[in-house]
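Survey of secondary and tertiary structure
Spelled out, the chains give:
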Amino acid sequence: MPNNECKREELSLTVQPKPKPNESLSSFIVRVATENGISMFTIRRYITIGAQSRYKQLPIFHQVDWVHENIDMEKLSTELGVEVSDLEKYTFTPLQMYFNENGVVDIPQYKVSLSKEIITNKRRYCPLCLASNGIYKLLWQVSSISYCDEHHIALQNKCNSCGKSLPYVFETMAIHLCVYCGDSLKLKRYISERNEFDLGEQQRKYDDWNYLLSGAFKQIKPNINTIESLAYLILYISSVDSHKYSFNRRRVRYFSLKRIKGLATYIRNNRNVGSFKVNLQDIFNVSRKEEISVEELFNTTVPDTFINSFFINKKDSQIGVCLAPWCKYYKSVEGMREIALTADNKKTINRNRVTYRKLYACTGCYMRYGVNNTGIWQEIDNRIHVIWSKVRPLFSQGYTRHAISNMLKITSNKTHEYLGYMLQYNILPEEISIKYLPHSVPSNLVEKFIDIKWSSFPRYHTLYKVARVKYGWSQIEFYYYAFEKDVLKYQLSEQHGSLRDRSKTTEPMKQKIYKTIKELYEKKVTLSIEKVAEEVGCNNKTIGNNGFSNLIKQYREIQLQEQKNSEEAVLSRLYETYKKEVEKKGGVLLIKNISRLLNRNQQYLTIKFPELSKKIVNDVKESKSKAIQLYTEEMITKTKNAIKLLTNKYEPITINAIKKLIGLTNNQSKSKMGKHLVGLIRKEIQMAKELL
């Protein structure tokens, strides 16, 4: 047998007690060992799988309560006379079902998640429970549980005599004595004050954990595994109430956008790096925020529309038909015209927490349509239902505008808006319409609405008051003219693309913007959308909506390039002038002197002007090389003269004597250049000795 394998002697347990309700498996094992007069390590050694030293490691003894990868549960079951399935009821292992993906338990994820919820380095206990039934309950190790559910007192983790924290398992725990001082753990010298609110919250936590361990959770659908079911539940319950029929990650509360996207990615069967699985913390987080129990959370029904919304292929969604019964294109796609962009240059519209894409408008009734989150073709503003089913019948029955506003609980402004639309499209009976119809229609309506800064369908607010001041229109006249076909066609033109375009988009305005951009460029004024808007006298959106953002960006890039070229030319002239002066004086070019002259460091020059930087570096290298060559030639000449002088005086020709004569100090000799010169001196001395 290998040395690293522990010896497995047979156990002879003469006493085989049964586990008590709510007891932890570790408490039961220690109790069995004590009643049989053997060490708990004897049992641990017998059931441990792996290295011999592992069974003695107290820090890993807690693993028997939550993971059995190093424990032979079959042997333990045989010796204790208890089925494996029954033993696991006294551990946290039933929680593994929440990490089961198609029959495979994600053990690492289970370990990480559970380790954040339980205490594994201290043993917690209730002194009154030890006195009554002598066991250590499994749920006492849950970190969020701090009260005993039976006696309603605070749980302890220290000895009341010596004050030391008790380890997770110890030899004397079954006889309820402190492992350090030997005092009884059943003696409770101080009873914590009871707080009814805390006790109620603690009982909810006991109920939640008991339900989790009961294994009562069922998949929301047979073809959806446990982890995916939990993800659906968490995202559905966390969604805002008005948005529970379809998934929208921006309408999910309690989680970061990154985690929401990760859970959705996992649901869509993309098991990549960006996906996340539900953990215990997610379950508790949602149940606490929603103020529901875990049982209520698990029993929540997730509608099929919410599940299906995760798998909508946006590219496959088809446009639908007109849904307005009064429209000539009713139940037809003939009048549909695509809205390319909204006023904010977006391809989607949000209404009542629903995002619509594939935006269209019917040119027969000018109602807006789109595909919602669940892939269903809908009218965006919910006007058809209100007008046809609510407002029209009331007007037809002779109710006044004021009465209709009160009955439908809408503003008077909204009632007049609906009335103006119904008059324009002949939805009301003739005897009713004749009471409200204006006597005439002014000319140039489009220009007039632009002049009053029309806020566009469907939000007009109180702009009719501006129209009343400017043109004397009543509220009914304002809305009747607002829905005139020429006005709405203007709003749906290719230039504007949206029913909510609030910008000034006349041709003169475009010409003025273009002329302003050219003038600012010629004057070398720094171009930006804000600067152009200020000069033109409009807002920033007007510039963008008229398509001038890219033009301004192009001119700005040209300006930056011109500024760069101009700066490079100035720096080049300064450098060339400095270079000539240095060469004239016989000096050496140095980077630090050049940087100081140009007021630019080398890093700046390298990034912005790589060609100029490269030229400067090469010139500096060449200048230094020439200076070194001249200096070397000068020192060789001095060395030869020094050798002649020493020879004539019949003095010894040594390196130190020559260094002294040519002025080369010891410190200078230690430098790279100094060492090079010493080598040259040595060669000259050698040549002189050969001649002599």
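**Some remarks on empty space enclosed by the protein**
Summed over all chains, the structure comprises three cavities of 30 Å³ or more. As a volume, the second largest cavity reaches approximately 40 Å³. Taken together, Met 635, Ile 636, Thr 639, Leu 677, Leu 680, Ile 681 and Glu 684 make up the full set of residues lining the second largest cavity. Of all elements in the fold, only helix 27 (610–648) and helix 30 (672–691) reach the threshold of two or more residues within the lining of the second largest cavity. The element that contributes the greatest number of residues to the lining of the second largest cavity is helix 30, accounting for four residues. Split by residue class, the lining of the second largest cavity holds five nonpolar, one polar and one charged.

**Regarding a positive patch on the surface**
On the surface, Arg 249, Arg 250, Lys 261 and Arg 268 cluster together into a positively charged patch. Its location among the elements puts Arg 249 in the loop between helix 8 (226–238) and helix 9 (257–267).

**Section: helix 5 (residues 107–115)**
Taken residue by residue, helix 5 has Tyr 110, Ser 113 and Leu 114 as its buried positions. On an axial view of helix 5, the arc spanned by its buried residues comes to 95°, and they lie on one face. Two to three positions downstream of the cap, the backbone nitrogen of Gln 109 sits 3.3 Å from a side-chain oxygen, assigning the N-cap of helix 5 to Asp 106.

**Some details on the packing of helix 14 (residues 401–408) against helix 15 (residues 412–424)**
Relative orientation of the contacting elements helix 14 and helix 15 amounts to 115°, with a least axis distance of 9 Å. Looking at the two axes, helix 14 sits roughly perpendicular to helix 15. Note that helix 14 runs across helix 15; the crossing there is right-handed. Contacts from Arg 401, Ile 404 and Ser 405 of helix 14 reach helix 15 at Ser 412, Thr 415, His 416 and Leu 419.

**Here we look at the nonpolar core**
Counting residues in hydrophobic clusters, the biggest one holds 85 residues, and the most contacted among them are Phe 92, Leu 95, Trp 209 and Phe 298. Among the elements that make up this core, the one with the highest residue count is helix 8 (eight residues). The contact partners of Trp 209, leaving out residues within four places of it in the chain, are Phe 92, Leu 95, Leu 114, Glu 117, Leu 139, Val 142, Ser 144, Ile 145, Leu 280 and Phe 284. If you look at the next biggest cluster of nonpolar residues, it comprises 49 residues, including Tyr 329, Phe 395, Phe 483 and Val 487.

**A look at the pairing of strand 5 (residues 354–362)**
The buried count for strand 5 comes to seven of nine residues, which makes it a mostly enclosed element. Sheet topology note: the strand 3 (residues 336–338)/strand 5 ladder contains three bridges and is antiparallel. From the neighbouring strand, Arg 337 faces strand 5, where its bridge partner is Ala 361. Across three bridges, strand 4 (residues 349–351) lies against strand 5 in antiparallel orientation.

**Regarding the pattern of salt bridges**
Tallying each qualifying case throughout the model produces 23 salt bridges. For the salt bridge of Asp 149 with Lys 137, the shortest nitrogen-to-oxygen distance reads 3.3 Å. Residue Asp 149 is found in the loop between helix 6 (127–132) and helix 7 (196–214), and its partner Lys 137 is found in the loop between helix 6 and helix 7; the two are separated by 12 residues along the sequence. Lys 626 is paired through a salt bridge with Glu 622; the nearest N and O atoms lie 3.5 Å apart. Residue Lys 626 and its partner Glu 622 are located together in helix 27, separated by four residues, close to a single helical turn. You can call Glu 622 partly exposed: its relative accessible area is 43%. Among the charged side chains, a network of salt bridges with common partners joins Glu 201, Arg 204, Asp 208 and Arg 288.

Conventions and cut-offs
- Residues numbered from 1 in each chain as written.
- Predicted model: local features only at pLDDT ≥ 70, side-chain atom pairs only at ≥ 80, totals over all residues.
- Heavy atoms only, no water.
- 1 Å grid on protein atoms, 1.4 Å probe; cavity = no way out; pocket = protein on both sides within 12 Å on 5 of 7 lines; lining within 4 Å.
- Points joined across faces, edges and corners; volume = space filled by probe spheres on them.
- Helix = DSSP H or I, 4+ residues; strand = E, 2+ residues; numbered from the N terminus.
- Nonpolar A, V, L, I, M, F, W, Y, C, P; charged D, E, K, R; others polar.
- Patch = residues over 30% accessible without salt bridge, like charges linked within 9 Å, V, L, I, M, F, W, Y side chains within 5 Å.
- Areas by Shrake-Rupley, 256 points an atom, 1.4 Å probe, with all protein chains shown as cover.
- Salt bridge = Lys/Arg side-chain N within 4 Å of Asp/Glu carboxyl O.
- Lys, Arg positive; Asp, Glu negative; His and termini not counted.
- Charge placed at Lys NZ, Arg CZ, Asp CG, Glu CD.
- Buried < 20%, exposed > 50% of the residue type's maximum accessible area, 1.4 Å probe, protein only.
- Arc of directions from axis to C-beta.
- Polar contact = N/O pair within 3.5 Å; in protein donor to acceptor, adjacent residues only side chain to side chain.
- Axes fitted to C-alpha atoms, helices over the stretch in contact; angles between N-to-C directions.
- Parallel < 35°, antiparallel > 145°, perpendicular 65-115°, else oblique.
- Left-handed = near helix turned anticlockwise from the far one by under 90°.
- Contact = heavy atoms within 4.5 Å.
- Core = buried A, V, L, I, M, F, W, Y, C linked by side-chain atoms within 4.5 Å.
- Pairing = 2+ DSSP bridges.

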